[in-house]
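Read off the chains here:
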Amino acid sequence: MHSEQLAEKLVSWIKDRVQEAGRKGVVLGMSGGLDSSVLAVLCQRAFPQNTLGVIMPCHSRQEDKAHARLAAGKFSIPTTEVALDNTFDALLSALPHYKAKPSARRLVQANLKPRLRMLVLYYIATQLDYMVAGASNKSELSIGYFTKHGDGGVDIMPIGNLVKREVIELAGCLAIPQPIIEKPPSAGLWEGQTDEDEMGFSYYDLGRYLLNGEAPGELRSKIESMITASSHKRSLPPIANF
């Protein structure tokens, strides 16, 4: 499907989901990344007067906030900013700390950030009678590369069936600013963090597997193991049937 046709279908899909829920518009987090910028433009097309982008820095890079404002400014997307640095610090200081490897401790602390952002988005959405839109793509969702009840805690995921390569193509069609398209994908969880370093393989290789089933043996095993281990993140909690 041509990218422009895809964009039109996604815009229509967003309209339908929001109207079916009896809501007035859409709120989303704008991180300055590719996925959230693409989502913001699609939502703005669906609801030109009722889309709100929320910029939520939390010990984030200045570049990320600048890119979020760049995308919002180019497409006239209304935004509000909620700084979460102090909230994050206060919560972290109040929580109990257990023995863990430094890498595990860093990850569990970093996961507080998307969960705080989820709270903010729903707080705003409920007041405006909007739905919360999430920017996760198929590549991330398939292997569980998202925070449960964080960036995974949303009402709709319009680009959730597109692998990263397809999102990049869509971004070009939508005229997303080039610096946003070209920068290495990152969740911004800590300084220097990139998606591909953390996953251990490229989005390109992951996309080939998801679209065509193509991957060398070791990579295939790793991807399939991640898909299996993260299945609980893609479904509602199991309920005992007795």
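Values in this document were obtained by computation on a predicted structure and should not be read as measured data.

**Here we look at the overall build of the chain**
A tally of regular secondary structure across the chain gives 12 helices and four strands. Radius of gyration (C-alpha) of the chain: 18 Å, near the 18 Å computed for a compact globule of 242 residues. Looking at the chain as a whole, 45% of its 242 residues qualify as buried. A fraction of 73% describes how many contacts in the chain between residues 6 or more apart in sequence connect residues 24 or more apart. Of the roughly 12,700 Å² that the chain leaves accessible, carbon and sulfur atoms contribute 55%. When the 27 basic and 26 acidic side-chain charges of the chain are each reduced to a single mean position, those positions are 4 Å apart.

**Concerning the nonpolar core**
The biggest cluster of nonpolar side chains holds 36 residues, and the ones touching the most others in it are Ile14, Met30, Val38, Leu42, Leu170, Leu174 and Ile176. Every element with two or more residues in this core is listed here: helix H1 (3-20), strand S1 (25-29), helix H2 (34-46), helix H3 (62-74), helix H8 (164-173) and helix H9 (178-182). Here the element with the most residues in this core is H2; it accounts for eight residues. Not counting residues up to four positions away in its chain, the partners in contact with valine 38 are Ile159, Val167, Leu170, Ala171, Leu174 and Ile176. Counting 16 residues, the second largest nonpolar core, distinct from the first, contains Leu92, Leu112, Leu116 and Tyr130.

**Description of H2**
Taking 1.5 Å per residue, 13 residues should reach 18 Å; H2 reaches 19 Å between its end C-alpha atoms and fits that length. Most of H2 sits inside the fold, with 12 of its 13 residues counted as buried. Among the residues of H2, Leu34, Asp35, Ser36, Ser37, Val38, Leu39, Ala40, Val41, Leu42, Cys43, Gln44 and Ala46 are the ones counted as buried.

**Thoughts on the pattern of salt bridges**
It is possible for side chains of opposite charge to pair when their charged atoms get near one another. Under the definition given, this model contains 11 salt bridges. For arginine 23, the salt bridge is made with aspartate 129, and the minimal N-O distance between the two is 3.7 Å. Pair noted here: arginine 23 is in the loop between H1 and S1 and aspartate 129 is in the loop between helix H6 (112-128) and strand S4 (130-132), with a separation of 106 residues, a long-range link. Classification of arginine 23 by relative accessible area gives partly exposed; the value is 35%. Here the residues in one salt-bridge network are Arg61, Glu63, Asp64 and Lys183, joined through shared partners.

**Comments concerning the side chain of glutamate 140**
You can see glutamate 140 is positioned in helix H7 (residues 138-143). Nearest to the buried, unbridged glutamate 140 among oppositely charged side chains is lysine 164, at 4.6 Å. Not counting chain neighbours up to four residues away, the residues in contact with glutamate 140 comprise Asp35, Ala135, Tyr145, Phe146, Asp195 and Tyr203.

**Comments concerning the sheet that holds S4**
One open sheet accounts for four strands, arranged S3-S2-S1-S4; its pairing is parallel. Both edges of this open sheet fall to strand S3 (79-81) and S4, since each of them pairs with a single strand only. Across the sheet, the mean angle from the axis of one strand to that of its neighbour is 25°, orientation sign disregarded. Bridge count between S1 and strand S2 (residues 51-55): four bridges; the pairing is parallel.

**Digging into the packing of H2 against H8**
The N-to-C vectors of H2 and H8 enclose an angle of 50°; their axes lie 10 Å apart at closest approach. Classified by the interaxial angle, the pair formed by H2 and H8 is oblique. Pair H2 / H8 crosses with left-handed handedness. Residues Leu34, Asp35, Val38 and Leu42 of H2 touch H8, and the partners they reach there are Lys164, Val167, Ile168, Leu170 and Ala171. In terms of residue class, the contact of H2 with H8 is built from seven nonpolar, no polar and two charged.

About the criteria used
- Residues numbered from 1 in each chain as written.
- Predicted model: local features only at pLDDT ≥ 70, side-chain atom pairs only at ≥ 80, totals over all residues.
- Heavy atoms only, no water.
- Helix = DSSP H or I, 4+ residues; strand = E, 2+ residues; numbered from the N terminus.
- Rg over C-alpha atoms; globule rule 2.2 N^0.38 Å.
- Buried < 20%, exposed > 50% of the residue type's maximum accessible area, 1.4 Å probe, protein only.
- Contact = heavy atoms within 4.5 Å.
- Areas by Shrake-Rupley, 256 points an atom, 1.4 Å probe, with all protein chains shown as cover.
- Lys, Arg positive; Asp, Glu negative; His and termini not counted.
- Charge placed at Lys NZ, Arg CZ, Asp CG, Glu CD.
- Core = buried A, V, L, I, M, F, W, Y, C linked by side-chain atoms within 4.5 Å.
- Expected span 1.5 Å × (residues − 1).
- Salt bridge = Lys/Arg side-chain N within 4 Å of Asp/Glu carboxyl O.
- Pairing = 2+ DSSP bridges.
- Axes fitted to C-alpha atoms, helices over the stretch in contact; angles between N-to-C directions.
- Parallel < 35°, antiparallel > 145°, perpendicular 65-115°, else oblique.
- Left-handed = near helix turned anticlockwise from the far one by under 90°.
- Nonpolar A, V, L, I, M, F, W, Y, C, P; charged D, E, K, R; others polar.

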